[in-house]
Every structure is written in C-alpha cells, then in structure tokens.
Amino acid sequence: MKTSSIVDRLLKNMGNMHELGRQRAFELGNPFYAQFAEDQGYWRKELQTGEKYLVSLEVITDENDMPIEVRDTIIKRLN
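As a starting point, this report considers the structure included with it. (Residues numbered from 1 in each chain as written. Predicted model: local features only at pLDDT ≥ 70, side-chain atom pairs only at ≥ 80, totals over all residues. Heavy atoms only, no water.)

Right, let's talk about the sheet that holds strand β4 (residues 67–77) for a bit. Ordered in space as β1-β2-β3-β4, the four strands form an open sheet in which the pairing is antiparallel. Either end of the sheet is taken by a strand with one partner, and the two such strands are β1 (32–34) and β4. Taking each pair of neighbouring strands and ignoring which way they run, the sheet shows an average axis angle of 40°. In this structure, β1 lies alongside strand β2 (residues 43–46), joined through three bridges in antiparallel fashion. The partner of Ala34 across the bridge, within β2, is Arg44. (Pairing = 2+ DSSP bridges. Helix = DSSP H or I, 4+ residues; strand = E, 2+ residues; numbered from the N terminus. Axes fitted to C-alpha atoms, helices over the stretch in contact; angles between N-to-C directions.)

Spelled out as structure tokens, the structure:
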C-alpha cells in the first residue's frame, strides 16, 4: 500500500486554493482580491456582503519594503 505525503495531497487539491484564500480574508474581516486574465490587468475585489468590484491596486510599503497598506480604486461594480 502506497501512502501519499501531505505535499502530494495539497498539490492534488490546488484548485481550492482560491476559495481558501477568500475564506481566510473574510474571517479576518478583509476584502478578498483576485486577478483574472479577462480583467485586463485589474483586480477583482469581493466583500463579505457579496458585492464585487473591478479595481486597481496600490500596495504601500514601509522603509523595509514590507507591505503595510493596500489602496484600491474602484473601476466599476461587477454585480
């Protein structure tokens, strides 16, 4: 009997990574951002309420180049 490693099991289920990130962002009270090819370089922002927007993102960093803030500008509402 062959057993699979945790890495093998995680790689097999890579399709759910998007949903896990979305769930975690909402648990922390944050919006979820994702980028899709059809959005021409913009990002999708989803709120816990289900509202979705197409946005441009600016990541603000500190003096050590560590992200400290995400600023988004709404391009259009998607739903």
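Looking now at the environment of Gln35. Mapped onto the elements of the fold, Gln35 is located in the loop between β1 and β2. A residue is classified by how much of its surface remains accessible, and Gln35, at 42% relative accessible area, is partly exposed. Through-space distance from the C-alpha of Gln35 to that of Val55 is 9.9 Å; in sequence the pair is 20 residues apart. Residues within four places of Gln35 in sequence aside, it is in contact with Gly41, Tyr42 and Trp43. Here the side chain of Gln35 touches Gly41 through a polar contact of 3.0 Å, landing on its backbone oxygen. (Buried < 20%, exposed > 50% of the residue type's maximum accessible area, 1.4 Å probe, protein only. Contact = heavy atoms within 4.5 Å. Polar contact = N/O pair within 3.5 Å; in protein donor to acceptor, adjacent residues only side chain to side chain.)

In the structure shown here, the tally under the stated rule is eight salt bridges. The salt bridge involving Arg44 is made with Asp39; its shortest N-O contact spans 2.5 Å. Taking relative accessible area as the criterion, Arg44 reaches 28% and is therefore assigned partly exposed. Residue Lys45 is joined to Asp72 by a salt bridge in which the shortest nitrogen-to-oxygen separation is 3.0 Å. One end of the pair, Lys45, is in strand β2; the other, Asp72, is in strand β4, with 27 residues separating them in the sequence. Residue Asp72 is classed as partly exposed on the basis of its relative accessible area, which comes to 23%. (Salt bridge = Lys/Arg side-chain N within 4 Å of Asp/Glu carboxyl O.)

By themselves, these observations are geometric and do not establish any function.
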